[in-house]
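Now for the letters of each chain:
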Amino acid sequence: MSVSHPGLRQRSLQLLATFCALAILVASAACNSGGGPGGGGNVSLQGAGATFPNPLYQKWLSEYGKLHGNVRIDYQSIGSGGGIKQLKDQTVDFGASDSPMKDEDLKSAPGEILHVPTVLGAVVITYNLSGVNQPLRFSSEVVADIFLGKITKWNDPRIAADNPGVTLPANDITVVHRSDGSGTSAVFTDYLSKVSAEWKEKVGSGTSPSWPVGLGGKGNEGVTGQVKNTPNTIGYVELAYAVQNKLPVAHIKNGGGSFVEPSIDSVTAAAAASAASMPEDLRVSITNATGAQAYPIASYTYILVYKDQKDPVKGKALVDFLWWGIHDGERFAKDLLYAPLPADVVKRAEAKINSITAGGASLRQ
Amino acid sequence: MSAVPENEGMNFVGQGSTWRRVLSPTGNTGDAVFRVLMFGVALLMVAIVVSMVVALTVDSMPSIRQFGFNFLKSQRWDPIKGEFGALPFIYGTVASSLIALLISVPFSLGIAIFLVEQAPHYIARPVGFLVELLAAIPSVVYGLWGIFVLAPFLRNYIEPALASAFGWLPLFQGSITGIGLLTGGIILAIMVTPIISAVVRDVLTAVPGSQREAALALGATKWEMIRVVLVNGAPGIAGAVILGLGRALGETMAVTMVIGNRAQISLSLFDPSYTIASAIANEFTEATGDLYLSALVELGLILFLVTFVVNGIARVLVWNVTRKTGGVGRAA
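All residue numbers refer to positions counted from 1 along the written sequence of the respective chain. Chain A is the first chain written and ligand 1 is the first ligand written, with later ones labelled in order. In keeping with the predicted nature of the model, local features appear solely for residues at pLDDT of at least 70, side-chain atom pairs appear and are counted solely at 80 or more, and the whole-chain, interface and lining totals rest on all residues. Based on all heavy atoms of the structure, the side-chain values leave hydrogens and waters out of the count.

### Re the overall build of chain B
In step 1: Strands here mean DSSP runs of E at least two residues long; helices mean DSSP runs of H or I at least four residues long; both are numbered from the N terminus. What chain B contains, in helices and strands, is 13 helices and two strands.
In step 2: Residue exposure (1.4 Å probe, protein chains only): buried if accessible area is under 20% of the type maximum, exposed if over 50%, otherwise partly exposed. Taking all 332 residues of chain B together, the buried fraction comes to 42%.
In step 3: Of the roughly 17100 Å² of accessible surface on chain B, a fraction of 70% belongs to carbon and sulfur atoms. Accessible surface area values rest on a Shrake-Rupley calculation with a 1.4 Å probe, where residue burial reflects the displayed protein chains alone.

### Some remarks on the domain arrangement of chain B
Residues and elements named next belong to chain B.
In step 1: These domain limits were set by an automatic method or by a database of domain assignments. Splitting chain B by domain gives domain 1 (3-59) and domain 2 (70-325).
In step 2: At the junction of the two partners, domain 1 supplies six residues and domain 2 supplies five residues.
In step 3: For any pair of parts, buried area is found by adding up, for both, the accessible area (1.4 Å probe) each one loses once the two are put together. Of the roughly 490 Å² buried between domain 1 and domain 2 on both sides combined, carbon and sulfur atoms contribute 83%.
In step 4: Looking only at domain 1, the three residues that lose the most surface to domain 2 are Val53, Leu56 and Asp59, adding up to 75% of its buried area. Should any heavy atoms of two residues lie within 4.5 Å, those residues are counted as being in contact.

### As for the packing of helix 8 (residues 181-206) of chain B against helix 10 (residues 222-250) of chain B
Residue and element names in this part refer to chain B.
In step 1: Every angle, taken between N-to-C directions, lies between 0 and 180 degrees, and every axis is a line fitted to C-alpha atoms, over only the stretch in contact when it is a helix. It is at 8 Å that the axes of helix 8 and helix 10 come closest, and there the two elements cross at 150°. In terms of orientation, helix 8 lies roughly antiparallel with respect to helix 10. The hand of the helix 8/helix 10 crossing is right-handed. Residues Leu188, Met191, Val192, Ile195, Ile196, Val199, Val200, Val203 and Leu204 of helix 8 touch helix 10, and the partners they reach there are Val229, Leu230, Gly233, Gly236, Ile237, Ala240, Val241, Leu243, Gly244, Arg247 and Ala248. The labels follow the angle: roughly parallel below 35 degrees, roughly antiparallel above 145, roughly perpendicular from 65 to 115, and oblique for the rest. Note on convention: near helix rotated counterclockwise from far helix by under a right angle means a left-handed crossing. Clockwise means right-handed.

### A closer look at the interface of chain A and chain B
In step 1: Contacts between chain A and chain B engage 43 residues on the former and 35 residues on the latter.
In step 2: Roughly 3100 Å² is buried in total at the junction of chain A and chain B, and carbon and sulfur atoms are behind 57% of that figure.
In step 3: When a carboxyl oxygen of Asp or Glu lies within 4 Å of a side-chain nitrogen of Lys or Arg, that pair is called a salt bridge. Run the count over chain A and chain B and you get zero salt bridges.
In step 4: Counting residues per element, the ones that place at least two in the side of chain A that touches chain B are helix 1 (6-35), helix 3 (80-88), strand 6 (174-178), helix 8 (197-202), strand 7 (215-217) and helix 9 (219-229) of chain A.

### Observations concerning unusual backbone geometry
Residues apart from glycine generally show negative phi values, whereas peptide bonds are mostly found in trans.
Residues and elements named next belong to chain A.
In step 1: The phi dihedral of Asn232 falls on the positive side, at around 70°, and the residue is not glycine.
In step 2: By secondary structure assignment, the location of Asn232 is in the loop between helix 9 and strand 8 (233-238).
In step 3: At Lys246, a residue that is not glycine, the phi angle is positive and equals roughly 50°.
In step 4: Inspection of the secondary structure puts Lys246 in the loop between helix 10 (239-244) and strand 9 (251-253).

### Considering the pairing of strand 6 of chain A
Strand residues, when the strand is regular, have side chains that alternate between the two faces of the sheet.
All names here are of chain A.
In step 1: The buried fraction of strand 6 amounts to five of the five residues, a majority that puts the element mostly inside the structure.
In step 2: For two strands to pair, DSSP has to find at least two bridges joining them. Across three bridges, the pairing between strand 6 and strand 8 is parallel. Bridged to Val175 within strand 8 is Ile234.
In step 3: Note: strand 6 against strand 7, three bridges, orientation parallel. Across the sheet, Arg178 pairs through a bridge with Gly217, a residue of strand 7.

### Things to note about the confidence of the model for chain A
In step 1: Every residue is assigned a pLDDT by the predictor, reflecting its confidence on a scale from 0 to 100. Confidence in the prediction of chain A, expressed as mean pLDDT, is 87, and 89% of residues score 70 or more.
In step 2: Within the model, pLDDT remains below 50 along residues 1-9 of chain A, and this stretch shows six contacts once partners closer than five positions in the same chain are excluded.

### Considering the sheet that holds strand 2 (residues 71-76) of chain A
Residues and elements named next belong to chain A.
In step 1: Read from one edge to the other, the open sheet built from eight strands follows the order 2-1-3-11-4-8-6-7, with strand pairing classed as mixed. Looking at which strands have only one partner, the edges of the open sheet turn out to be strand 2 and strand 7. Mean inter-strand twist for the sheet, computed between neighbouring axes without regard to direction, equals 25°.
In step 2: As judged from the nine bridges shared by strand 4 (residues 113-128) and strand 11 (residues 298-306), these two strands associate in the antiparallel manner. Paired with Gly121 across the strands is Ser299, a residue of strand 11.
In step 3: Across the sheet, helix 2 (residues 54-67) touches strand 2, strand 3 (94-97), strand 4 and strand 11, and the angle it forms with strand 2 is around 170°.
In step 4: Along the sheet, helix 13 (residues 343-354) contacts strand 4 and strand 11; its crossing angle with strand 4, the most-contacted strand, is approximately 140°.

In structure tokens:
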């Protein structure tokens, strides 16, 4: 029968071939996932976590890759929460987070986790107010009450008191906040919780707070889009994002009572102001910093690693990378609009990296 | 659509006896392999759906145990304090999809009727192509367009007009920002219109020409003839609407960018709202803590169920309609 109908036979052969090809594909995929890093002195490291430092980390990875051809490091910017989860599940070699891990997260982890600060970021207040040309100034209580929905008009006497000589319109304030869970929101609400007891009690601090008022925009770009397009809005975004997009940014009154413009230098100043009082584990919030030049809404971003590394080869590669990052890597920070660590904090981070071990043996040098 | 294989079968049988064997269950090995393969593929689909429901249920158990039925009733969503309630999200999802259908169904029907019954070929082709092109635009592009074009347009022209004309209705009160439930619904309407109109166009094309000729021969006007065609195509049209509804319920990115993402239930269409899909997309990456993650997974489970229930209701409606008009017969 096949002789008289070659087309049919051909078709079933094709079918068979497709099937075989599929089977081979599946089998080879299974092999790859099971294989892991091969020998030959090559090391492959996986990291995951915060989106905020992602541009800097990608720069680090490519620069570090040029210097160390045998080390391959990948970083997935899936969010701080996801980074912490994957680190706890031990599916990555390092995690990254914009805010320090909580005590209960640290306790439920299978090993001791170290916080290595890498750079600093800041959150700025941006707004859309026609007819106002000089930067607005806000004291901390005013910021809190605007985001609590207690100050509802732009010409509120308390805003006017911070901005003598500025003609403020009598319009309603529309608050815009992040709708996605974000380290930016965590830093901002941490700041608000410090400066307002009412905020702390009603809302608290976290990546996805329950905002008392306002519209939610997705990502820095979502908030920016809504602020730019809607008159009389106020919102908050990352410093780097605001600088790149030349948004109007407010000067904020810090813990020492001076109004400070957000900038890379004023963020590093905020970190320097609190460097001496940094706790042993380096988990610290630097919002509402004192010091004449310190911008009050800023935070460290961390790489998270296990103190005791299971694999000495991978552990060694990780330690070398971290050491390179907080020294040579810092010079890429400013170009990408991150604030580099103050010198005191680099020393503290060095100590943390030095304490990483594999099977009890130190991994440095 | 279902009639096509039968026709082919008839032709093949006419061509030679081997083809009959290919189509018959007792055919050669190739046939057997094909049958097994296709059965496997069909089974795989069922397995995927079942495993999704199982996985969602298992992962949402901590939240189900903690909140029980309250999860569906509570309006508070506060991850910091560990309080989770899904009602505002369910409301936002259903309300935005309903707005979308209210707007898009008349438009889609109009487009399809125009393309099939009225437009000359040289217009129908390019217009049909453009409508289908709308379906290929990524939803994030719709979202950006929503923020930068649609929202300002609604804020400056449409919403003030609605407020001054219908301001006595609670639906059109509140502050006008251009971002909110109405904007979300309109974006969705634009996104589902190409889907619904493309399917309706195919349905109307499939209505036999004899129906039109019969109607016209009985002295019907063009409009009366179109009504006959629509009645014939009713089940297919309803299917198209259900397809659009499914798209609207699950759409995430574009809605997220314009709906305001606020977990509240407000009568006003101008106020911000929140959909289930948006909430999951927004909060999943930074969700820490088992209960929080579990609550988000349970939201996913609810979206699954909402889609199921809404689809079920839609099918019952369709069934009712087709039963009443049943004598006329189906298109296609």
